[in-house]
Amino acid sequence: MNHTLPSHASIALENVVKQHGDTLAVNTVSLEIRPGEFFSLLGPSGSGKTTILRLIAGLDQPDEGRIVIQGHVMQDVAPQHRPVNIVFQQYALFPHMTVFKNVAFGLEMQKVSPQDITQRVAETLDLVQLSGKHMRVPSELSGGEQQRVALARALVNRPSVLLLDEPLGALDQQLRQEMQRELKTLQEQLGITFFYVTHHQEEALTMSDRIAVMHNGQLLQVGSPQELYQSPATPFVAEFVGRSNRLDGTVVSIQSTHATLETKHVPPIHIPKPEEPTIHHSMTLILRPEWIHLTKNDHESGFDNHLPACIRNVQYLGNEFHYRLEVTPDIFWTATVPILGHQHAPFQTGEQVFIDWKTHDSVVLSTS
Ligand code: ADP
Ligand code: MG
């Protein structure tokens, strides 16, 4: 049997299923990751991300479907023979070994010559900016430095694919952002395919070429950060990737340019025309906070929708104001307004305002 398949993908999952006891951890997932891509798997805790990563690495076997890496079916390939390396959230460094020894360990096991080991470890430590610290032990390093050692230990094997499982999860916010930039730069320099697992939507948005969103073992959508943000495929994706306001209702009529959504709580709303005639269907309106125009004017021109609301909270973030809006006693929305120069908040807590938006700026999805 020929196990080499023509493929443009670096990693391919084909209808992969994995059950853990009663839990369907991975439910028929198909996915293609391109060579050199920074690809993120994004989903809440328990959605099946680590399970997928372990299947790719060969630490677990799929119940159904198959995994192909660089054109080779991985069915019978042991973890150590797969062209991938993993970096976990827990650094799992050897506490009594120096940084140098920690990074060299894998190469020593592979019986690489001492001369080559010295050179490759030095190059790799240089790459992760730890050159001066090779004689320290892990307890003499900060969290960020320890994570760099873990990264160096994976990179020293020169894998063509690096699997990273929430590698920055243990770091504080500022260090995490710093490491995000470094990881991205490193990935671009080395041209390695990164398969990056995270539950952190902002992290995925800022670093990735493409993102796959997972929920309950299922893949909901794969796309560029911009595609996910502007054209979410499901209400879950809309709410998990970026902030969004939501309104559930029923389509009551379809006109030439738009449709009309009727809801229990607010007057009928114009929504983009659904692709299929979906009269009487339950649909969800998604409106990003920055797609809203706030006004005190009852007759603002240029907008298709106009809802009264009361400002319940104002947050100043330096570059924008966040307004928490009470649309009804059960529905609270958020609007963001950019701050240009020195400017006072145009609206105050307790004020009555109107939420205006253009129909084509909103997204409408089947309710799930
Ligand atoms: P994530 O990494 O997205 O948090 P996981 O892949 O770790 O999710 O887990 C997916 C689901 O499978 C969860 O419901 C989890 O409890 C379950 N699970 C994961 N590993 C095991 C295991 N070894 N035994 C039993 N259930 C597991
Ligand atoms: Mg996990």
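These figures come from a predicted structure and were not determined experimentally. (Residues numbered from 1 in each chain as written. Chains lettered and ligands numbered in written order. Predicted model: local features only at pLDDT ≥ 70, side-chain atom pairs only at ≥ 80, totals over all residues. Heavy atoms only, no water.)

1. Things to note about the packing of aromatic side chains
Inspection of the entire model under this criterion finds nine aromatic pairs. The rings of Tyr-316, Phe-321, Tyr-323 and Phe-347 are connected pair by pair, giving a single aromatic cluster. The lysine or arginine in question, Arg-153, covers the ring of Phe-94, its NZ or CZ lying 6.0 Å from the ring centre. Over the aromatic face of Tyr-229 sits the side chain of Arg-288, whose NZ or CZ is 4.0 Å from the ring centroid. (Phe/Tyr/Trp six-rings, centres within 6.5 Å; stacked < 30°, edge-to-face > 60°. Lys NZ or Arg CZ within 6 Å of the ring centre and 35° of its normal.)

2. Considerations on the confidence of the model for the chain
Averaged over all residues, the pLDDT of the chain equals 92, while 97% of them reach at least 70. In the model, residues 1–6 has pLDDT below 50 throughout and makes nine contacts with residues more than four positions away in sequence or in other chains. (pLDDT = per-residue confidence, 0-100. Contact = heavy atoms within 4.5 Å.)

3. Here's the deal with helix H1 (residues 49–57)
Most of H1 sits out of view: seven of its nine residues are buried. Buried residues of H1: Lys-49, Thr-51, Ile-52, Leu-53, Leu-55, Ile-56 and Ala-57, and no others. Phi turns positive, to about 85°, at Gly-58, one or two residues after H1. (Buried < 20%, exposed > 50% of the residue type's maximum accessible area, 1.4 Å probe, protein only. Helix = DSSP H or I, 4+ residues; strand = E, 2+ residues; numbered from the N terminus.)

4. Here we look at the layout of surface pockets
Of the pockets and cavities examined, the largest pocket occupies roughly 760 Å³. The wall of the largest pocket is formed by 27 residues, among which Val-84, Asn-85, Ile-86, Arg-153 and Asn-157 lie closest to the centre. A breakdown of the residues in the lining of the largest pocket according to their chemical character gives 18 nonpolar, six polar and three charged. In this model, the second largest pocket occupies a volume close to 290 Å³. Top element by residues in the lining of the second largest pocket is strand S20 (residues 363–366). It accounts for three residues. (1 Å grid on protein atoms, 1.4 Å probe; cavity = no way out; pocket = protein on both sides within 12 Å on 5 of 7 lines; lining within 4 Å. Points joined across faces, edges and corners; volume = space filled by probe spheres on them. Nonpolar A, V, L, I, M, F, W, Y, C, P; charged D, E, K, R; others polar.)

5. Some thoughts on the domain arrangement of the chain
The domains assigned to the chain are domain 1 (11–238) and domain 2 (243–366). Taken together, the contact pairs eight residues of domain 1 with 10 residues of domain 2. Here domain 1 packs against domain 2, burying approximately 730 Å² in sum over the two surfaces, 54% of which is carbon and sulfur. Together, Tyr-229, Pro-235 and Ala-238 form the three largest contributors to the area buried by domain 1 at its contact with domain 2, with a combined 72%. At the boundary of domain 1 and domain 2, one finds zero salt bridges. (Domains from an automatic or database assignment. Buried area = accessible area lost by both parts, 1.4 Å probe. Salt bridge = Lys/Arg side-chain N within 4 Å of Asp/Glu carboxyl O.)

6. Re the site of ligand 1
As a matter of local geometry, ligand 1 sits amid His-20, Thr-23, Ala-25, Pro-44, Ser-45, Gly-46, Ser-47, Gly-48, Lys-49, Thr-50 and Thr-51. Coverage of ligand 1 by the protein amounts to 57% of the 560 Å² it exposes when considered alone. Elements with a contribution of two residues or more to the shell around ligand 1: strand S2 (23–33) and H1. Among the elements that line the shell around ligand 1, the one with the most residues is H1, at three residues. (Near = heavy atom within 4 Å. Areas by Shrake-Rupley, 256 points an atom, 1.4 Å probe, with all protein chains shown as cover.)

7. Side note on the sheet that holds strand S9 (residues 210–215)
Strand order in the open sheet made by the six strands is S6-S7-S8-S3-S9-S10, with mixed pairing throughout. The open sheet has two edge strands, strand S6 (84–87) and strand S10 (218–223), and neither has a second partner. This sheet shows a mean twist of 20° between the axes of neighbouring strands, independent of strand direction. (Pairing = 2+ DSSP bridges. Axes fitted to C-alpha atoms, helices over the stretch in contact; angles between N-to-C directions.)

8. A word on the sheet that holds strand S5 (residues 72–73)
The antiparallel open sheet is built from four strands, whose spatial order is S2-S1-S4-S5. At either end of the open sheet lies a strand with only one pairing partner, and these are S2 and S5. In this sheet, S5 lies alongside strand S4 (residues 64–69) in antiparallel orientation, the contact comprising two bridges. Bridging across to S5, Ile-69 finds its partner in His-72. Contacts from H1 reach strand S1 (11–20), S2 and S4 within the one sheet, and its direction differs from that of S1 by about 120°.

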